[in-house]
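The chain contents come next:
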Amino acid sequence: MSYKTYVNPKAFGLFATYGIAIPTLSHTANNFKNGLLLGSMNLVGVLFGLFAVKHVNIPLFLTFRRCNILATVLMTYIVESKLPTATLAKCTAIMVLGGIVAGYESFDDNLLGYVLIWSNNFANSVYGVFTNKYNQDKKLTPFEINFYFALIGLPLSLAVTIYQGELVELYDAVYGDKASLGL
């Protein structure tokens, strides 16, 4: 963005041929409020997902993540007052039933886990509905949406990693176990 703004305004033209628009820094700065709003919405969904995986097993998490379409249909109705078409309603019912059948064996009585998974579903649905709304009005480009998510998400992810004492595990995952390196 800064290179395009200050050095070469025609930079990244190759990406534009593929439908990827990289805006100037001033354009991105003008969308600061909307970008932070969408970045924060996305981050809330990610955090719910991270904590949900800590409280439930992966098959159960995936079972209820398959039900995300139900949350999206509900949020679309609440935000935009749009009822789903008959085809979408049938597809939603089939996907939810399929998810329940696929994960039936992993159901347990972990209420906190279920609340976290459904919170993740609804947070992602809210993010998806609002992103769609902003994309229809061309207020934000996909590049800006990802930029603001990274702008908020990277420092917060580092803070959560440090708070939970998992910085050593992150280091080991990236650079290998210190014990195997002889340190």
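Each remark here, short or long, concerns the structure printed above.
These figures come from a predicted structure and were not determined experimentally. (Residues numbered from 1 in each chain as written. Predicted model: local features only at pLDDT ≥ 70, side-chain atom pairs only at ≥ 80, totals over all residues. Heavy atoms only, no water.)

**Examining the side chain of Thr92**
Then step 1. Mapped onto the elements of the fold, Thr92 is located in helix 7 (residues 86-103).
Then step 2. Apart from residues lying up to four places away in sequence, Thr92 is in contact with Ile69, Leu70 and Val73. (Helix = DSSP H or I, 4+ residues; strand = E, 2+ residues; numbered from the N terminus. Contact = heavy atoms within 4.5 Å.)

**Quick word on helix 5 (residues 58-65)**
Then step 1. When we look at burial in helix 5, the residues that qualify are Leu60, Phe61, Thr63 and Phe64. On an axial view of helix 5, the arc spanned by its buried residues comes to 160°, and they lie on one face.
Then step 2. On its buried face, helix 5 sits against helix 4 (32-55), helix 6 (68-80), helix 7 and helix 8 (111-136).
Then step 3. With a side-chain oxygen lying 2.8 Å from the backbone nitrogen of Leu60, the N-terminal cap of helix 5 falls on Asn57. (Buried < 20%, exposed > 50% of the residue type's maximum accessible area, 1.4 Å probe, protein only. Arc of directions from axis to C-beta. Polar contact = N/O pair within 3.5 Å; in protein donor to acceptor, adjacent residues only side chain to side chain.)

**What about the nonpolar core?**
Then step 1. With 10 residues, the main nonpolar core is built from Ala52, Val56, Leu60, Phe61, Phe64, Cys67, Val96, Tyr114, Leu116 and Ile117.
Then step 2. In this structure, Val96 is in contact with Cys67 and Leu70, ignoring residues within four places of it in sequence.
Then step 3. Among the nonpolar cores identified, the runner-up in size contains 6 residues, and Leu38, Met41, Tyr127 and Leu140 belong to it. (Core = buried A, V, L, I, M, F, W, Y, C linked by side-chain atoms within 4.5 Å.)

**Some points on the packing of aromatic side chains**
Then step 1. Across all of its chains, the model carries 6 aromatic pairs by this definition.
Then step 2. With a centroid separation of 5.3 Å and 70° between ring planes, the pair formed by Phe64 and Tyr114 is classed as edge-to-face. Highlighted residues: Phe64 in helix 5 and Tyr114 in helix 8, separated in sequence by 50 residues.
Then step 3. For Tyr114, a relative accessible area of 18% translates into the label buried.
Then step 4. The interplanar angle of 65° and the centroid separation of 6.0 Å between the aromatic rings of Phe64 and Trp118 together place this pair among those described as edge-to-face. One end of the pair, Phe64, is in helix 5; the other, Trp118, is in helix 8, and 54 residues separate them in sequence.
Then step 5. On the accessibility criterion, Phe64 (11% relative accessible area) is buried.
Then step 6. Among the aromatic residues, those joined into a ring-pair cluster are Phe64, Tyr114, Trp118 and Phe122. (Phe/Tyr/Trp six-rings, centres within 6.5 Å; stacked < 30°, edge-to-face > 60°.)

**Structural notes on unusual backbone geometry**
Then step 1. Despite not being glycine, Ser81 shows a phi value in the positive range, around 55°.
Then step 2. The class for Ser81 is exposed, based on a relative accessible area of 57%.

**Comments concerning a nonpolar patch on the surface**
Then step 1. A cluster of nonpolar side chains, Leu158, Ile162, Leu167, Leu170, Tyr171, Val174 and Tyr175, forms an exposed patch at the surface whose accessible area comes to about 680 Å².
Then step 2. Elements with a contribution of two residues or more to the nonpolar patch: helix 9 (142-163) and helix 10 (167-175).
Then step 3. When residues in the nonpolar patch are grouped by element, the largest group, 5 residues, is from helix 10.
Then step 4. Summarising the element assignment, Leu170 is placed in helix 10.
Then step 5. A residue is classified by how much of its surface remains accessible, and Leu170, at 42% relative accessible area, is partly exposed. (Patch = residues over 30% accessible without salt bridge, like charges linked within 9 Å, V, L, I, M, F, W, Y side chains within 5 Å. Areas by Shrake-Rupley, 256 points an atom, 1.4 Å probe, with all protein chains shown as cover. Salt bridge = Lys/Arg side-chain N within 4 Å of Asp/Glu carboxyl O.)

**A word on helix 4**
Then step 1. If you check helix 4, its first and last C-alpha atoms are 35 Å apart, about what 24 residues at 1.5 Å a residue would give, namely 34 Å.
Then step 2. Within the sequence span of helix 4, burial applies to Gly35, Leu38, Gly39, Met41, Asn42, Leu43, Gly45, Gly49 and Ala52.
Then step 3. On its buried face, helix 4 sits against helix 5, helix 8 and helix 9. (Expected span 1.5 Å × (residues − 1).)

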